[in-house]
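Structural overview for review
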2 protein chains.
Amino acid sequence: MKLSLDAMGGDNAPDINIDGAKLALQELPALQKLYMVGDEDTLKKMCDAAGIGGNPRLEIVHAPEVVGMDESGLAAVRQKKRSSMSISVDLVKDGTCDAVLSAGNTGAAVAASTIKLRLLEGVERAGIVSPIPNIRNYVLVSDTGANPDAKPSHLVGYAVMSAMMARYIYNIPNPKTGIMSNGTEDCKGSAFSKEAYRIMHHLAQAGLLPLDFIGNCEGHDLLESELDIALTDGFTGNILLKCVEATAKAFAHMLKAGIKKSPLAMLGAIGMRGVFKEIGNRMSADSIGGCPLMGVRGVSIIAHGSANGTAILNAIRMAEGMHRNNVNDRIIEAMGPINAELQGMDSWADAPCAH
Amino acid sequence: MKLSLDAMGGDNAPDINIDGAKLALQELPALQKLYMVGDEDTLKKMCDAAGIGGNPRLEIVHAPEVVGMDESGLAAVRQKKRSSMSISVDLVKDGTCDAVLSAGNTGAAVAASTIKLRLLEGVERAGIVSPIPNIRNYVLVSDTGANPDAKPSHLVGYAVMSAMMARYIYNIPNPKTGIMSNGTEDCKGSAFSKEAYRIMHHLAQAGLLPLDFIGNCEGHDLLESELDIALTDGFTGNILLKCVEATAKAFAHMLKAGIKKSPLAMLGAIGMRGVFKEIGNRMSADSIGGCPLMGVRGVSIIAHGSANGTAILNAIRMAEGMHRNNVNDRIIEAMGPINAELQGMDSWADAPCAH
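Residues numbered from 1 in each chain as written. Chains lettered and ligands numbered in written order. Predicted model: local features only at pLDDT ≥ 70, side-chain atom pairs only at ≥ 80, totals over all residues. Heavy atoms only, no water.

All names here are of chain B. The contact between helix α7 (residues 191-205) and helix α13 (residues 327-345) brings their axes to 11 Å, and the two run at 125°. The orientation of α7 relative to α13 falls into the category oblique. Our pair here, α7 against α13, has a crossing hand that is right-handed. On α13, the residues that touch R198, I199, H202 and L203 of α7 are I338, E341, L342 and M345. (Axes fitted to C-alpha atoms, helices over the stretch in contact; angles between N-to-C directions. Helix = DSSP H or I, 4+ residues; strand = E, 2+ residues; numbered from the N terminus. Parallel < 35°, antiparallel > 145°, perpendicular 65-115°, else oblique. Left-handed = near helix turned anticlockwise from the far one by under 90°. Contact = heavy atoms within 4.5 Å.)

If you want it as C-alpha cells, here you go:
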C-alpha cells in the first residue's frame, strides 16, 4: 500500500506525523511507500533528525499551505489548493497513493475526500465510521459527522460500509446492527429513524444486508451489549460520540480530583495504577488511530486532532487493512442488489409506517 | 403543596413509593397532602407496616389498573383510564392536587400529562428537562424525550422552561444556554439546529430571553464547562442522555472488573472507597430524583424507573420548589413577548440562513 500523510495535520503536527511515520516504516512492511506532505524544508530536517530521512520508502512532497483547525472545511478545500491536506488527497485522486490520512481539520478532510475522490458506485453519501471502545470490544458508529442532514436511506449505505469494516478490520462476519433511537421498541423513534427502520427491516427480510439487523438500540447497547454497529445521522452521531468521550473524560477528571484530596485515596490509587492504565488504554482514541470516511474511492482515514505517533501508526494500519481487503469493492458488490431493491421501494415511500 | 404519587409506578413499585412517601412526610412540612394512588388494599397494608397508615397528611386513592413499563404510552392512556398513572394525573386535572409524580412508564406519563393537563398558555410543546450531573454542578438538557419530532421553534419554549427551572430550583438567575450541535462554531449544525440557532440568536438580540444565549455547544460543554442549559430535540436529547448514563456505568463496570482481577488493586480500592462513593452519589440519578415534564398546567415530575425512596423524596422536593415559586406563571409571563416577536419572524422563516 502507498499512503499519503498530511504531515501538517493535527494539534501537534508535524511532530506526531514524524513519530507515526517512523513507527509505521518500522512496523508495517506492507507500507511500500509513504508520502509525507507539507513544508519540504521543515519535514526534511525533522525526518533527518528522526533517522528516517534516507529511507527509500519515504518521500516528501512539498505543500506550502496549511488548513487551520478552525477554518470552514469547504472554504479551505476551495481556497487552499496547495494545502498539505489538499495535496495529500490529490495523491490518491491521481493514483499515486491508495490511501490518505490526516489528523487535521475534520470538516476539510471530509470535504476534500468527498469532492476530489468522489463517491463509490452505488453509494449515496459518504459517512464517517467511528469505533467506540466498550466493555467488550468496539462498537462502530456511523455516521459521526460527515453529513449532518442525512436522509433515512443514507443509513443503508452507512450500514453496508460499517459491516465491511467490521468484517475485514474487526473479524466480525455478521455484525449485530441497530439504529440509534429513543427506545428499543419497534414503535419508538423520530419520523427519520422510523423510516430508516422500515427500509432496513425490508432489506433484512429480503436477505440483502451483509449483517444481522436487530432493530432499535440505545446508549446502553453501545457500551454494554453485543451490538457491533449503531447507525444514525451525522448530527446525532457526532453529538453522541462527543458525549461518550466527554463523559469518560469527566469521570477520569473526578477520580483524579478525588484522589488529590485524600492521602488514603492517593495510596489506594497507587494500588489501582494498573487498572487505571488498562482502562485508559482501552478508552484511548490513540489505540484506534483514526476513523475512515467510507464511501469514497480510495481509502481516507481521519485521525483525532489530538492524535500522537501511536495513533498515526494505528490509523495507517487500519488503512492498510482496508486496502488489502479491497473493502471498497466489497461495498460496491453489496450495494448493487440493495439499490435495485430500494428503487422498487420508492413507490411505498409515503405509505404509513408499519411500526 | 398537594401531590399525587403514582404508587404503582417504577421497577420496584410500590415499595419505593412507600419509602419515598415516608421520607417526604417526615422531611417536607410543605407537603400538606400526599395522595398515594394504586391498589387500595396493598397500599393500606404497606403504609400501615411502614408506620404512615394513620398520617392525616396521607390519603390512599384506589386505582385498579397498572400501566406496564413496556406498554405504548398513548395506548395506555387511552385504554387504561383507571390506571394508577391516569388517576394520579386526574387529581391534578380536577384541582385536588398541585403536582403529580410517577416513576412508571415515561411515555405514558408524558402522554397522560400532556393530554389531560394541556399546555400552558403560550407554550407550543411540552418538554422533559433532565439535570445531568457534571464536574461543576448540573447541566439541564431539554427536551430529553417528550417530543422526538421537534420543530426548531420548540427549542425556544424548552429554553424558557429550563431557564425558569435553573432560576428557581438551582438558583442560577441568568443561565448560560447553548444548542447541541456537531461543533461549536456558528456555522455548524443540521438544518434543524441552524434554524433553532437563528431564532434563539434573534430573540437574544431583542433582549427577550431570560437567559444568556451562548450559541452552539457539544458533549464537552455538558460535562466540563460553565454551561447551564443545553437545548435539543427530544430524539437527540434522549439518545444523548442515555449515552452519558451508559458511559458512566460502563466506566464503573470496567473499574470493578479491573479491581476484581488484582489483589493489589483490591487493596487500592479500599483506600479509594471514599472517592468512589462520592462520585457514585454525584452521578446517581437518585440525588436528582426526577425530571419535570415542563409546559403543562400543574407540575408533572417523571422519576427514573429504577428510582428508590430517596429519589422519590427528591422528586417531591423538586415538585414543591416548582409549585412554591409559581414556575408555570413565570413561563407564561416570559413567553408572551417572545411569541409576539416570533409571529413577526414568520415572514423570514424561509430566508437564507445567516450563519
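What follows picks up the thread again.
This part covers the relation of the copies chain B and chain A. The two copies are related by a screw motion: chain B maps onto chain A through a turn of 180° and a shift of 0.0 Å along the axis, at an RMSD of 0.0 Å. Considering both components of the superposition, the chain copies are consistent with a two-fold axis. Across chain B, the smallest distance between a C-alpha and the rotation axis is recorded for G268(B), namely 1.8 Å. Looking at chain B, 100% of its interface residues are interface residues in chain A too, so the copies touch through the same face. (Least-squares fit on C-alpha atoms with pLDDT ≥ 70 in both.)

Looking now at the packing of aromatic side chains. All names here are of chain A. Scanning all chains against the criterion turns up five aromatic pairs over all chains. An angle of 70° between the planes, with centres 5.6 Å apart, marks the rings of Y197 and F213 as edge-to-face. In this pair, Y197 sits in helix α7 (residues 191-205) while F213 sits in strand β8 (residues 212-217), placing the two residues 16 residues apart along the sequence. Judged by relative accessible area, F213 falls into the buried class, the value being 14%. Over the ring of Y138 we find R282, and its NZ or CZ is 5.4 Å from the ring centre. (Phe/Tyr/Trp six-rings, centres within 6.5 Å; stacked < 30°, edge-to-face > 60°. Buried < 20%, exposed > 50% of the residue type's maximum accessible area, 1.4 Å probe, protein only. Lys NZ or Arg CZ within 6 Å of the ring centre and 35° of its normal.)

In this section: the interface of chain B and chain A. Interface size, as often reported, equals the accessible area lost upon joining of the parts. If you look at the interface, chain B gives 53 residues, while chain A gives 53 residues. Taking both sides of the interface into account, the surface hidden between chain B and chain A amounts to around 4,600 Å²; carbon and sulfur atoms contribute 74%. Considering only the surface of chain B that becomes buried against chain A, F235(B), F251(B) and M254(B) emerge as the three largest contributors, covering 15% of it. Across the chain B-chain A interface, the total number found is four salt bridges. The shortest N-O distance in the salt bridge between E278(A) and K261(B) comes to 3.5 Å. The tally of links between chain B and chain A comes to eight residue pairs in polar contact (both at pLDDT 80 or more). Of all the elements in the fold, those that place two or more residues in the side of chain B that touches chain A are α7, α8 (219-224), α9 (234-261), α10 (263-271) and α11 (273-283) of chain B. Residue contributions to the side of chain B that touches chain A peak at 21 residues, all from α9(B). Looking at the side of chain B that touches chain A residue by residue, the classes come out as 27 nonpolar, 16 polar and 10 charged. (Buried area = accessible area lost by both parts, 1.4 Å probe. Salt bridge = Lys/Arg side-chain N within 4 Å of Asp/Glu carboxyl O. Polar contact = N/O pair within 3.5 Å; in protein donor to acceptor, adjacent residues only side chain to side chain. Nonpolar A, V, L, I, M, F, W, Y, C, P; charged D, E, K, R; others polar.)

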